[in-house]
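# Structural features, examined
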Amino acid sequence: MSRLIADLKVIRNKKLNNDFFLLELSGGDHKLPEMKPGQFVQAKVEGSPETFLRRPLSIHDVDYGANTFMLLVQLAGKGTRQLSTLKNGDLLNLVFPLGNSFSMPAQGEKILLVGGGCGIAPLLFLANTLKKNGHVPDILLGFRNKDRIIEYEHYLKIGKVFVTTDDGSVGEKGFVTNHSMLINNSYRRIFCCGPESMMRAVAAWAKENDSICEVSLENLMACGIGACLCCVVDTVKGHQCSCIDGPVFNIKDLKW
Ligand SMILES: Cc1cc2nc3c(=O)[nH]c(=O)nc-3n(C[C@H](O)[C@H](O)[C@H](O)COP(=O)(O)OP(=O)(O)OC[C@H]3O[C@@H](n4cnc5c(N)ncnc54)[C@H](O)[C@@H]3O)c2cc1C
Ligand code: FES
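The structure contained in this document is the topic of the report that follows. The structure displayed is predicted, hence computed values, not measured ones.

### A word on the nonpolar core
In terms of nonpolar packing, the biggest core is built from 24 residues, with Leu113 and Tyr155 touching the most fellow members. Secondary-structure elements contributing two or more residues to this core are strand S2 (20–26), strand S6 (68–74), strand S8 (111–116), helix H2 (123–132), strand S9 (138–143) and strand S10 (161–165). No other element matches the five residues that H2 contributes to this core. Other than its neighbours up to four places away in sequence, tyrosine 155 contacts Ile120, Leu123, Leu124, Ala127, Ile139, Leu141 and Val161. Formed by 23 residues, the second largest nonpolar core is a distinct cluster that contains Leu140, Met181, Val215 and Leu254.

### Brief notes about the pattern of salt bridges
Opposite charge on two side chains allows them to pair when their charged atoms are near. Going through the model one piece at a time under the given rule, you end up with seven salt bridges. A salt bridge links arginine 200 to glutamate 196, with the shortest nitrogen-to-oxygen separation between them at 2.9 Å. Residue arginine 200 and its partner glutamate 196 are located together in helix H4 (residues 196–208), separated by four residues, close to a single helical turn. You can call glutamate 196 partly exposed: its relative accessible area is 41%. The partner of aspartate 253 in a salt bridge is lysine 237, with the nearest N and O atoms 3.3 Å apart. In this pair, aspartate 253 sits in the segment after strand S16 (248–250) while lysine 237 sits in the loop between strand S14 (232–235) and strand S15 (238–241), placing the two residues 16 residues apart along the sequence. By relative accessible area, aspartate 253 is classed as buried at 11%. Here lysine 237 falls in the exposed class, since its relative accessible area comes to 57%. A cluster of three or more residues bridged by salt bridges with shared partners is formed by Lys237, Lys252 and Asp253.

### Side note on the environment of glutamine 240
Secondary-structure assignment places glutamine 240 in strand S15. Note on glutamine 240: relative accessible area 16%, which makes it buried. Each C-alpha atom of the pair glutamine 240 and glycine 226 lies 9.3 Å from the other, and the pair is 14 residues apart in sequence. In this view, glutamine 240 contacts Cys231, Val232, Val233, Thr235, Asp245 and Phe249; residues no more than four positions away in its chain are not counted.

### Looking at unusual backbone geometry
Most peptide bonds take the trans form, and the phi angle of most residues other than glycine is negative. The omega angle of the peptide bond from phenylalanine 96 to proline 97 is -15 degrees, so this bond is cis rather than trans. Mapping proline 97 onto the fold places it in strand S7 (residues 91–98). Across the junction of glycine 246 and proline 247, the peptide omega takes the value 15 degrees, indicating a cis bond. When you line up the elements, proline 247 lands in the loop between S15 and S16. Positive phi, close to 60 degrees, is recorded for glutamate 151, a residue that is not glycine.

Conventions we followed
- Residues numbered from 1 in each chain as written.
- Chains lettered and ligands numbered in written order.
- Predicted model: local features only at pLDDT ≥ 70, side-chain atom pairs only at ≥ 80, totals over all residues.
- Heavy atoms only, no water.
- Core = buried A, V, L, I, M, F, W, Y, C linked by side-chain atoms within 4.5 Å.
- Buried < 20%, exposed > 50% of the residue type's maximum accessible area, 1.4 Å probe, protein only.
- Helix = DSSP H or I, 4+ residues; strand = E, 2+ residues; numbered from the N terminus.
- Contact = heavy atoms within 4.5 Å.
- Salt bridge = Lys/Arg side-chain N within 4 Å of Asp/Glu carboxyl O.

Next up, the structure:
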């Protein structure tokens, strides 16, 4: 699959709440390359020496018809704050698409998507792709509280949505793995992205329930192309780079 370095035009920068914003980017006259759910971009942050390294961001959704795609960004530090100031018409330099992707299930498999915090970023593209392929996944989303809930309505168009919040302000109180929907359900395949503690808990549940489970790791990255080794993951197959062998890993390959 070809990788590009290109300037993409910002056509929308929408603040979703105090923590998240959505960037919509256009390929302009250049047709966007094929992108797969789970892949990411390395975004160049202009404007300060501290943000010299590109920032990895998941491909949030793609509209090939409109030749556009989206990034969902959580404000974390200087880089993401700088990206939040982009305006319509500004150019954002990206290296993309990078990394591997979630595997596509066979027809009829019962599927669960689990996301928490900014870990929901790669799941919308995955959910829309699954829907196009005839799957109706269940979706379990965890947020800190009601004010942090984003994009709920998008997921409702795809499958049954279950929510937990840390304070119980919406959905069930607690972590995603405490949700009562897990008591009477079993899944052939689980796709998960979120904080590592959440992914480990979901992986443990998947193991107990004999589900295939893939997680998208958000290890710190620098080059994004397998050259610096700063994103190495210790797996049963030896050390692997999260940026090229991942970010998506089957939990049976992780030493969790
Ligand atoms: C493959 C991949 C996909 C990602 N996709 C998304 C996405 O779609 N949306 C999104 O908002 N974020 C995503 N992230 C996380 C994002 O890259 C970081 O939040 C971002 O690089 C922080 O940059 P900053 O300059 O704003 O913060 P910095 O000033 O660099 O750091 C601020 C704080 O964020 C923490 N941080 C930095 N990088 C990461 C990281 N990789 N994971 C967790 N914490 C980090 C730092 O430890 C520090 O505490 C992804 C990370 C990876 C590896
Ligand atoms: S980020 Fe450099 S090797 Fe993965």
